[in-house]
Amino acid sequence: MAEMIRIENLTKKFGAVTVLDQVDLSIEKGKIYGIVGRNGSGKTVLFKLIAGYLRPTKGQVVVGGKVIGRDTDFADNIGIIIENPGFLKGYTGFKNLAYLAGIRNVIGEAEIRESMERVGLDPDSRKKVGKYSLGMKQRLGIAQAIMENPEILILDEPMNSLDNQGVEEIRKILMGLRDEGKTIILASHNKEDIEILCDEVYEMNQGRIF
């Protein structure tokens, strides 16, 4: 299997506090990887380093053969949900995604509509995001992550605030994406999500990975 992401001796400190401590990890194409650990174990910081939102204190992240922070500022071809998705409350879901899609300008309305429909949202709805339930906002976040058809998805607690039906639907979507050859890194507090979805599981504890 082709290696999509290589993490080498990755260390991140904030002042005197070491949040990630010499993490090594290889992520292969077409698998779902589960990262489990308590709050504060370093999962979200790891995800931000992979995406390029933070820079490491030591070590490096290589995505698609490019060193993040040296060869490119941000990882190419990644869809990401980290923490709560932030949207413009006065815009509809479709208008929010259209605004975000305009940043890179690589997709059009058809792809936005398809991504919303895939997660169970109506692209023609006039409801503003400020009126969305937490579950609807989470679905919109997933639609944003997949709308540009990225090769890699990094999803931090993607099932948050979803009801049982929503969880089942998103699980099916993620397994379908894996079957299409996508690579997915997933953090979840739900053991069932990890057991059902993940091909490989790693535990984070005090900034180290096991």
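Visitor: Would you explain the pairing of strand β3 (residues 32-36) in this entry?
Guide: As a general feature of sheets, a regular strand has side chains that alternate between the two faces. Most of β3 is tucked away, with 4 of its 5 residues classed as buried. When β3 meets strand β8 (residues 183-187), the two strands line up parallel, connected through 4 bridges. Bridge pairing links Ile32 to Ile184 in β8. Where β3 meets strand β9 (residues 200-205), 4 bridges bridge the pair, whose relative direction is parallel.

Visitor: When you look at the sheet that holds strand β7 (residues 152-156) in this model, what are you seeing that I'm missing?
Guide: Strand pairs in the sheet, formed through backbone hydrogen bonds, run parallel or antiparallel to each other. Strand order in the open sheet made by the 6 strands is β6-β7-β8-β3-β9-β10, with mixed pairing throughout. The open sheet has two edge strands with one neighbour each: β6 (78-81) and β10 (208-209). Helix-sheet contacts for helix α5 (residues 164-179) involve β3, β7 and β8, and the interaxial angle to β8 is about 145 degrees.

Visitor: I would appreciate a short explanation of the packing of aromatic side chains in the present structure.
Guide: To describe a pair of aromatic rings, you give the distance between the ring centres and the angle between the ring planes. Per the counting criterion, the structure on display carries 2 aromatic pairs. Between Tyr33 and Tyr202 the ring centres are 6.5 Å apart and the planes differ by 10 degrees, which places this aromatic pair in the stacked class. Separated by 169 residues along the polypeptide, Tyr33 in strand β3 and Tyr202 in strand β9 bring together distant segments of the chain. Note on Tyr33: relative accessible area 1%, which makes it buried. Here Lys12 stacks its cationic end above the ring of Phe14, 5.1 Å away from the centre of that ring. Here Lys95 stacks its cationic end above the ring of Tyr91, 4.4 Å away from the centre of that ring.

Visitor: Please clarify how the sheet that holds strand β2 (residues 17-28) should be interpreted in this entry.
Guide: Strands sit in the order β2-β1-β4-β5 across an open sheet of 4 strands; the sheet is antiparallel. The sheet is open, and its two borders are formed by β2 and β5 (66-67), each paired with just one other strand. Where strand β4 (residues 58-63) lies against β5, 2 bridges are found, and the strand directions are antiparallel. Bridge pairing in β5 links Val62 to Val67. Relative to strand β1 (residues 3-14), helix α1 (residues 43-51) is tilted by about 120 degrees, and along the sheet it contacts β1, β2 and β4.

Cut-off values and rules
- Residues numbered from 1 in each chain as written.
- Predicted model: local features only at pLDDT ≥ 70, side-chain atom pairs only at ≥ 80, totals over all residues.
- Heavy atoms only, no water.
- Buried < 20%, exposed > 50% of the residue type's maximum accessible area, 1.4 Å probe, protein only.
- Helix = DSSP H or I, 4+ residues; strand = E, 2+ residues; numbered from the N terminus.
- Pairing = 2+ DSSP bridges.
- Contact = heavy atoms within 4.5 Å.
- Axes fitted to C-alpha atoms, helices over the stretch in contact; angles between N-to-C directions.
- Phe/Tyr/Trp six-rings, centres within 6.5 Å; stacked < 30°, edge-to-face > 60°.
- Lys NZ or Arg CZ within 6 Å of the ring centre and 35° of its normal.

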